[in-house]
Amino acid sequence: MEEVEVPCYLVCPISLDIMRDPVTIPSGITYDRDSIERWLLTAGTCPLTKQAVPAGCDPTPNHTLRRLIQSWCALHGVERVPTPKPPTDRARVAALVSRIAAASRSLVTAAPQGELLGALRELRDVAAESERNRMLVAAVPGAMDAVAAVFAAASAAKPSPSSESATSVADAALEIMSEQCLARVANTEHQLLVDALVSALQRPNPASRARAALLLHNVTAAMPSSRLASLPEQVFGEVVQLIRDKVSKPATKAALHVLAGTTAWGRNRVKAVDAGAVAALVDTLCDGPERRACELALGALDRLCGCAEGRAALVAHGAGVAAVGTKAFRVSEVATDKAVRVLRSVARHAATAAVVQEMAHTGVVGTLCVVAQSDQYGDRTRERARETLRLHGRAWRSSPCLHRHLQAIYPCC
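Residues numbered from 1 in each chain as written. Predicted model: local features only at pLDDT ≥ 70, side-chain atom pairs only at ≥ 80, totals over all residues. Heavy atoms only, no water.

A.B. asks: I tried to follow the overall build of the protein on my own but got confused; where do I start?
C.D. replies: Within the protein, the regular secondary structure consists of 24 helices and 3 strands. Within the protein, the proportion of its 413 residues that are buried is 47%. The long-range fraction of contacts in the protein, counting pairs at least 24 apart against all pairs at least 6 apart in sequence, stands at 65%. Split by element, the accessible area of the protein, about 19900 Å² in all, is 53% carbon and sulfur. (Helix = DSSP H or I, 4+ residues; strand = E, 2+ residues; numbered from the N terminus. Buried < 20%, exposed > 50% of the residue type's maximum accessible area, 1.4 Å probe, protein only. Contact = heavy atoms within 4.5 Å. Areas by Shrake-Rupley, 256 points an atom, 1.4 Å probe, with all protein chains shown as cover.)

Structure (C-alpha cells):
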C-alpha cells in the first residue's frame, strides 16, 4: 500500500498518533484525550505552552476536529477511528466516593450492605475500564482513604448473618485499592490495614489472597520501623502458608518480600521461624525458582539465620544446607552472596560434627572453594567464603568427600 502522510493538525503532540478523541485544554492546544489526561495527572501545565492548567480541569471535546479526522480517514482509505465512549469524569468518581462514605455506616450498624456493595462495584468497574480511569480514581482526594477504611472495617466485621456481605464488601474494596495509594494510607492506618489483609489472606479465594499479598508487601514497606518490629504472629503464619500453597508467582514473590523485609528484627525472626518459614523457604529453593524468587528466598534465610532458632531449623531440615549450597553457584551474584552468608552463619554458630561432615558430603565445601577463588564475585563475598572455609579447615582439608583439585586449592583459601 502507498504510504499516506498524515496532516500534522490531526496528530496528537504527545503521542504523535492520529487523535482518537481530540480535546482542547484552556491553553488552546488540542490533544488526544487519553494522552493529555495522563499528562495532567502528573503535571499541571500544558506540554507545549507550559501554561498552568487548573487542577480538576475537564478538557473540552473538539467535535469539529473529530469529524475532520473521520472524513480524512474515509477519504484516504484509512481505518476510521471509532467514536469514543463518554469518558468518566472526576465528578462521577467523587460522587461514588461520597456514596461509599455515606453507606459505610452499614458496617457499624450491621444493616444491609447492598448500597455500599453496589457503589464499590461501580467504582471497581470504573477503575477497571482503563489505566486512565485507574489513575483518575487514585487522584480524586479521599478516594483511597475511604476505600481503605471500608476494607479494614469489613474485614474486621464479627461473624453475623451479614458477614457474607461484609466479605463481599471487603473483596470489592480490595480490587479497587492500588499499591501506591495503599502504601500512603498505611502511614496512619497501618495496624487496621495489616489486620484486614491478614483476614483476606485467610479466605479460600486464590485471587483475593494473591491481591492481599501484593498489598501487604506495600503496606509493610511503608510502615514505620517501630510498628514493623512488632507484627502479630498471624502475619507470618499466613505469609508462610501462602508460600507453601503456591497461589501464583507474583503472590509468592510478594510473600518472600514480606519475609525478607520484616525479619530484620529479632522478635519477628522468631515468629517467622515458629510459623515454619525456614522449611517453606528451603522447599522453595528445592523447587528451582526463577532468579528473583531464589534471591528473595536466600535473603529471607539470611535474616532468619541471624537467630539461633533459625539456624537450628535450617540444619534440622534434611535438605536445608544442601539446598543453600546448590543455589550459591550459577544463579546470580546476589544469590551467591546471600547463600555464602547463610553458610557462614551455620558454620560459625551451628556446626556440629554431623553438620561439618554434611557440608563436605553435599558439595557445599567444594562450592565455597570455587567461590573463594573466582574473580566473578565481589571481594566481600569471596572473603566470607574464605572465612567460612577457615572455620573448619582441619576437618574439611582431609575429607575424602572433597575432590583432589579442590584439596589442592584449599590451603590457598
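A.B. asks: Just to check I follow, could you spell out the nonpolar core for this structure?
C.D. replies: Here is a general trend for soluble globular proteins: nonpolar side chains tend to be buried in one another's company. Counting residues in each nonpolar core, the largest one holds 104 residues, and the members touching the most others are Leu120, Phe151, Leu259, Val324 and Met359. Per-element tally for this core: the top contributor is helix 7 (residues 143-155), with 9 residues. Non-local contacts of phenylalanine 151, meaning those with residues more than four positions away in its chain, are made with Ala170, Ala173, Leu174, Met177, Leu193, Ala196, Leu197 and Ala200. If you look at the next biggest cluster of nonpolar residues, it comprises 15 residues, including Met19, Ile25, Cys46 and Ile69. (Core = buried A, V, L, I, M, F, W, Y, C linked by side-chain atoms within 4.5 Å.)

A.B. asks: Looking at this structure, I do not really get unusual backbone geometry. What am I missing?
C.D. replies: Glycine aside, negative phi is the norm for most residues, and most peptide bonds take the trans geometry. Here the phi dihedral of lysine 50 falls at roughly 65°; this positive angle occurs in a residue that is not glycine. The class of lysine 50 is exposed, set by a relative accessible area of 56%. Its identity as a non-glycine residue notwithstanding, lysine 246 has a phi of 50°, on the positive side. Relative to the helices and strands, lysine 246 resides in the loop between helix 12 (233-245) and helix 13 (249-262). Given a relative accessible area of 52%, lysine 246 falls into the exposed group.

A.B. asks: Got a minute to help me understand the packing of helix 13 against helix 16 (residues 291-304) in this structure?
C.D. replies: In a pair of packed helices, the angle between the axes and the distance between the axes together describe the arrangement. Relative to each other, helix 13 and helix 16 sit at 25°, their axes nearing to 8 Å. On the basis of the axis angle, helix 13 is roughly parallel to helix 16. The interaxial crossing formed by helix 13 with helix 16 has left-handed handedness. Each of Lys253, Leu256, His257, Leu259, Ala260 and Gly261 in helix 13 lies in contact with helix 16, whose residues at this interface are Arg292, Ala293, Leu296, Ala297, Ala300 and Arg303. For the contact of helix 13 with helix 16, the residue count by class is 7 nonpolar, 2 polar and 3 charged. (Axes fitted to C-alpha atoms, helices over the stretch in contact; angles between N-to-C directions. Parallel < 35°, antiparallel > 145°, perpendicular 65-115°, else oblique. Left-handed = near helix turned anticlockwise from the far one by under 90°. Nonpolar A, V, L, I, M, F, W, Y, C, P; charged D, E, K, R; others polar.)

A.B. asks: Would you mind showing me how to read the sheet that holds strand 2 (residues 30-32) here?
C.D. replies: Two strands in a sheet stick together by hydrogen bonds in their backbones, pointing the same way (parallel) or opposite ways (antiparallel). Read from one edge to the other, the open sheet built from 3 strands follows the order 2-1-3, with strand pairing classed as antiparallel. One side of each edge strand has no neighbouring strand; the edge strands of this open sheet are strand 2 and strand 3 (60-61). Across 2 bridges, strand 1 (residues 22-24) lies against strand 3 in antiparallel orientation. Of the residues in strand 3, the one forming a bridge with valine 23 is proline 61. Across the sheet, helix 1 (residues 33-42) is in contact with strand 1, strand 2 and strand 3; its angle to strand 2 comes to roughly 95°. (Pairing = 2+ DSSP bridges.)

A.B. asks: Is there a simple way to think about the environment of glutamine 357 in this case?
C.D. replies: With respect to the helices and strands, glutamine 357 occurs in helix 20 (residues 353-361). For glutamine 357, a relative accessible area of 42% corresponds to the partly exposed category. Sequence spacing of glutamine 357 and alanine 395 is 38 residues, and the spatial spacing of their C-alpha atoms is 8.1 Å.

A.B. asks: So what exactly am I meant to see when it comes to the side chain of glutamate 37 here?
C.D. replies: Within the element layout of this structure, glutamate 37 appears in helix 1. Here glutamate 37 falls in the buried class, since its relative accessible area comes to 9%.

A.B. asks: Looking at this model, I keep getting lost on the pattern of salt bridges. Mind explaining?
C.D. replies: A side chain with one charge can pair with a side chain of the opposite charge if their charged atoms come near. For the coordinates displayed, the defined rule picks out 20 salt bridges. One salt bridge connects glutamate 115 with arginine 99, and the closest N-O pair in it is separated by 3.0 Å. Residue glutamate 115 is found in helix 5 (residues 114-129), and its partner arginine 99 is found in helix 3 (residues 90-103); the two are separated by 16 residues along the sequence. A residue is classified by how much of its surface remains accessible, and glutamate 115, at 46% relative accessible area, is partly exposed. Linking aspartate 337 and arginine 384 is a salt bridge whose minimum nitrogen-to-oxygen distance equals 2.7 Å. Residue aspartate 337 is found in helix 19 (residues 333-349), and its partner arginine 384 is found in helix 22 (residues 379-391); the two are separated by 47 residues along the sequence. According to the relative accessible area criterion, aspartate 337 is buried, its value standing at 18%. (Salt bridge = Lys/Arg side-chain N within 4 Å of Asp/Glu carboxyl O.)

A.B. asks: How should the packing of helix 19 against helix 21 (residues 364-373) be read in this particular structure?
C.D. replies: For the pair helix 19 and helix 21, the least separation of the axes is 12 Å and the interaxial angle reads 125°. The orientation of helix 19 with respect to helix 21, classified from their angle, is oblique. When you trace helix 19 past helix 21, the crossing you get is left-handed. Mapping the contact onto sequence places Thr336, Val340 and Leu343 in helix 19 and Val364, Leu368 and Val371 in helix 21. Its residues assigned to classes, the contact of helix 19 with helix 21 comprises 5 nonpolar, 1 polar and no charged.

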